[in-house]
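What follows is each chain in one-letter form.
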Amino acid sequence: MYEPSHLRTFLAVAQTLSFTQAARRQGLRQSTVSQHVRRLEDATGRQLFTRDTHSVELTEDGEAMLSFARRILEVHEQATVFFTGTRVRGRLRFGASEDFVLTRLPEILEGFRYDHPEVDLELTVELSGTLHEQLAAGKLDLVLAKRRPDDPRGELVWHDELVWIGAERLRLDPDRPVPLIVFPPPGITRAQALEALEREGRPWRIVCTSGSLNGLIAAARAGLGVMAHSRGLVPPGLFRVPDRAGLPELGNVDFVLLHGRDRTPARNAADALASAILSGGERLHRRGA
């Protein structure tokens, strides 16, 4: 009843909320993406998206289809592997940004290991900038990380807004430098925060530097200062700094998947994990229990 290619396209649109970006991700024409969604809506008899010239949003039925689409595709892949006799195996060096420490990425990785028990998965958790460097040096096979605003590389997982966050009770003195909580270089959010403040001519001082997201969260919860963070991944106990604080806008951030340049023996495993992440990408917006 539900064509797997249509379900994959549906998930791409649901994760990017853009028919254009979904077309780029799937390597399809935008008209083909629209056709796939229309055929899936015809098959369900329900409208899955509301869309106009400015925005794309999931309907209530579209939200329900997310879970069904993931499960159908997972079972489809398992059946394909079983009946074709092809098994993904080998050593896969996977790097994930610190941003995903508190998300449900472990659930996706657990499902991948269950589906592909012969893959020797090695996980590296680091700053996005460091992961980019390690991938370029051939030390990783697949990376899930932020990319710099001017970097076109990578397969988009989702697009988000960077915002200032801090403790609920935090009050900023407009006559004093902005107290910053940041990752060390080459942190991408660090660079964007400093560039935004410099553009506005707003003085700042670094009150905490940590390579661990949990370290930054602890400092922010203690009220030491503010930090730049993805709007969709704000940690529990921290809040968006209100506009009245007068902090400059930080712009947007893309979370992407990047493969190593060389066709290594791990490429099939990397492709399989990338597919699992793209299929379950919306789970990365939600915290683990």
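None of the values given here were measured: they were computed from a predicted structure.

### Some points on the overall build of the protein chain
Here comes step 1: In terms of helices and strands, the protein chain carries nine helices and 11 strands.
Here comes step 2: Here the protein chain has a C-alpha radius of gyration of 20 Å; the compact-globule value for 289 residues is 19 Å, and the two agree.
Here comes step 3: Dimensions of the protein chain, computed from C-alpha atoms along their principal axes, come out at roughly 65 × 45 × 35 Å.
Here comes step 4: Within the protein chain, counting contacts between residues at least 6 apart in sequence, those at least 24 apart form 75% of the total.
Here comes step 5: For the protein chain, the accessible surface area stands at approximately 14800 Å², while carbon and sulfur atoms represent 48% of it.
Here comes step 6: Measuring between centres, the 38 positive side-chain charges of the protein chain sit 1 Å from its 38 negative side-chain charges.

### Section: the pairing of strand β11 (residues 252-259)
Here comes step 1: Counting buried positions along β11 yields six of eight residues, so the element is predominantly enclosed.
Here comes step 2: Note that strand β5 (residues 142-147) and β11 share six bridges and pair antiparallel. In the strand pairing of β11, L144 is matched with L257.

### A word on a nonpolar patch on the surface
Here comes step 1: A contiguous nonpolar surface patch, about 220 Å² in accessible area, is contributed by V101, L123 and V125.
Here comes step 2: Topologically, V101 is positioned in the loop between β3 (90-97) and α5 (105-115).

### With respect to the pairing of β3
Here comes step 1: β3 sits mainly inside the fold: six of its eight residues count as buried.
Here comes step 2: Here β3 runs beside strand β4 (residues 119-126); their pairing, made up of eight bridges, is parallel. Its bridge partner lying in β4, R93 is registered against E122.
Here comes step 3: Handedness of the crossover is the feature at issue here: the chain leaves β3, passes through α5, returns alongside β4, and the resulting connection is right-handed.
Here comes step 4: Judged from the three bridges that link them, β3 and β5 form a sheet pairing that is parallel. Opposite G95, over in β5, you have V143 as the bridge partner.

### A look at the packing of aromatic side chains
Here comes step 1: A full pass over the atoms with the stated rule returns five aromatic pairs.
Here comes step 2: Centroid distance F10 to F49: 5.4 Å. Interplanar angle 50 degrees. Geometry classified as tilted. Linking F10 in helix α1 (residues 4-16) with F49 in strand β1 (residues 49-51), this pair joins segments that are 39 residues apart in sequence.
Here comes step 3: What makes F49 buried here is its relative accessible area of 0%.
Here comes step 4: Linked through ring pairs, F10, F19 and F49 together constitute an aromatic cluster.

Calculation rules
- Residues numbered from 1 in each chain as written.
- Predicted model: local features only at pLDDT ≥ 70, side-chain atom pairs only at ≥ 80, totals over all residues.
- Heavy atoms only, no water.
- Helix = DSSP H or I, 4+ residues; strand = E, 2+ residues; numbered from the N terminus.
- Rg over C-alpha atoms; globule rule 2.2 N^0.38 Å.
- Contact = heavy atoms within 4.5 Å.
- Areas by Shrake-Rupley, 256 points an atom, 1.4 Å probe, with all protein chains shown as cover.
- Lys, Arg positive; Asp, Glu negative; His and termini not counted.
- Charge placed at Lys NZ, Arg CZ, Asp CG, Glu CD.
- Buried < 20%, exposed > 50% of the residue type's maximum accessible area, 1.4 Å probe, protein only.
- Pairing = 2+ DSSP bridges.
- Patch = residues over 30% accessible without salt bridge, like charges linked within 9 Å, V, L, I, M, F, W, Y side chains within 5 Å.
- Salt bridge = Lys/Arg side-chain N within 4 Å of Asp/Glu carboxyl O.
- Right-handed = clockwise from strand over helix to strand, strands pointing away.
- Phe/Tyr/Trp six-rings, centres within 6.5 Å; stacked < 30°, edge-to-face > 60°.

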